[in-house]
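# Summary of the model geometry
These are the residues of each chain, in order.
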Amino acid sequence: VVAETEVHQRSIEALHEAVPLAFKGNPAAVEKVFERASEGVRESAVAMVMRAMSANAGRDYATAAALFREATVKDPEYGGAWFGLGMVLDPTLRSKQGTAEEAIEAYERAVALDPSNAPAHLNLGALLEHERKDVGAAEEAYRAAIEADPGYAKAHQSLGTLLCGTLAPQSERN
């Protein structure tokens, strides 16, 4: 059995290799990368997330959702599994396997477990802004994304757009 630290290292390496392949529209190559990375660790939550990402890249969203859910049950403290689940549940993204409220819940769990996950904060903010219409909470999420990654341009853009739309700082809206 492979040590958990090695599994995490494999998953990071697999992500770096797989993301460009996914953007090039090569799901078969992405699947091979994740299969190779998860050899010997099929039952770990990290391996399930890698398989879910492979299914997502291949546009098999139902399988991806099932695997992300399974990973959150296997390891409820794994923020990456909750973030992935949020992404496949998010009705504003391509997969649309759930509701806004389900995705918000998954993103909230992801950022609680891993406050450094800027994309999770950003996606949470977008749903809070556009689905719940909760401008104050959206602003907090966008600011958390910027705090997690000060160079995250999408978070700055989303916060700027939100603030331009409200024309009042959060302290004056509450």
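Use the structure listed above.
It should be emphasised that the depicted structure is a prediction, and the values quoted were computed from it without experimental measurement. (Residues numbered from 1 in each chain as written. Predicted model: local features only at pLDDT ≥ 70, side-chain atom pairs only at ≥ 80, totals over all residues. Heavy atoms only, no water.)

## Structural notes on the environment of glycine 25
Its place among the elements puts glycine 25 in the loop between helix 1 (4-23) and helix 2 (27-37). On the basis of relative accessible area, glycine 25 is assigned to the exposed category, the value being 55%. Between the C-alpha atoms of glycine 25 and glycine 58, which are 33 residues apart in sequence, the distance is 8.6 Å. (Helix = DSSP H or I, 4+ residues; strand = E, 2+ residues; numbered from the N terminus. Buried < 20%, exposed > 50% of the residue type's maximum accessible area, 1.4 Å probe, protein only.)

## Digging into helix 6 (residues 100-113)
Taking 1.5 Å of rise per residue, the 14 residues of helix 6 would be expected to cover 20 Å, and the 20 Å separating its terminal C-alpha atoms lies within 8% of that figure. What helix 6 keeps buried is the set Ala100, Ala103, Ile104, Ala106, Tyr107, Ala110 and Val111. Looking straight down helix 6, one finds that the buried residues subtend no more than 165° of arc, so they occupy a single side. Helix 6 presents Glu105 and Ala112 as exposed residues on the side facing more than 90 degrees away from its buried surface. Taken together, the buried residues of helix 6 touch helix 5 (79-89) and helix 7 (118-130). (Expected span 1.5 Å × (residues − 1). Arc of directions from axis to C-beta. Contact = heavy atoms within 4.5 Å.)

## Observations regarding the pattern of salt bridges
Tallied over the full model, the rule gives three salt bridges. Residue arginine 109 is joined to glutamate 77 by a salt bridge in which the shortest nitrogen-to-oxygen separation is 4.0 Å. You can see arginine 109 sitting in helix 6 and its partner glutamate 77 sitting in the loop between helix 4 (61-74) and helix 5, a full 32 residues away along the chain. Among the salt bridges present, the one from arginine 143 reaches glutamate 139, with a minimum N-O distance of 2.9 Å. Taken together, the positions of arginine 143 and glutamate 139, both in helix 8 (residues 135-148) and four residues apart, correspond to about one turn of that helix. (Salt bridge = Lys/Arg side-chain N within 4 Å of Asp/Glu carboxyl O.)

## Some remarks on the packing of aromatic side chains
According to the stated counting rule, one finds one aromatic pair in the structure shown. Both rings, one in phenylalanine 83 and one in tyrosine 107, keep their centres 6.1 Å apart while their planes meet at 45°; by these two values the pair is tilted. Of the two residues, phenylalanine 83 sits in helix 5 while tyrosine 107 sits in helix 6, which places them 24 residues apart along the sequence. Of the two residues examined, phenylalanine 83 and tyrosine 107, each falls in the buried class. (Phe/Tyr/Trp six-rings, centres within 6.5 Å; stacked < 30°, edge-to-face > 60°.)

## Re the packing of helix 3 (residues 45-57) against helix 4
In contact at an axis separation of 8 Å, helix 3 and helix 4 are set at 165° when each is read in the N-to-C sense. Taken together, the axis directions place helix 3 and helix 4 in an arrangement best described as roughly antiparallel. Helix 3 and helix 4 meet at a crossing whose hand is left-handed. Along the contact surface, helix 3 presents Ala45, Met48, Val49, Arg51, Ala52, Met53, Ala55 and Asn56, while helix 4 presents Tyr61, Thr63, Ala64, Leu67, Phe68, Glu70, Ala71 and Lys74. Considered class by class, the residues forming the contact of helix 3 with helix 4 number 11 nonpolar, two polar and three charged. (Axes fitted to C-alpha atoms, helices over the stretch in contact; angles between N-to-C directions. Parallel < 35°, antiparallel > 145°, perpendicular 65-115°, else oblique. Left-handed = near helix turned anticlockwise from the far one by under 90°. Nonpolar A, V, L, I, M, F, W, Y, C, P; charged D, E, K, R; others polar.)

## A word on the nonpolar core
Judged by nonpolar contacts, the single largest core of 41 residues is most densely connected at Phe68, Leu85 and Leu124. Sorting the residues of this core by element identifies helix 3, helix 4, helix 5, helix 6, helix 7, helix 8 and helix 9 (153-166) as the ones contributing at least two each. With sequence-adjacent residues up to four places away left out, leucine 85 is seen in contact with Ala65, Phe68, Arg69, Thr72 and Ala106. (Core = buried A, V, L, I, M, F, W, Y, C linked by side-chain atoms within 4.5 Å.)

## Here we look at the environment of alanine 45
The topology assignment puts alanine 45 in helix 3. On the basis of relative accessible area, alanine 45 is assigned to the buried category, the value being 6%. A sequence separation of 31 residues divides alanine 45 from proline 76, and the C-alpha atoms of the two residues are 9.1 Å apart. Aside from chain neighbours lying at most four places away, what touches alanine 45 is Ala71, Lys74, Asp75 and Tyr78.

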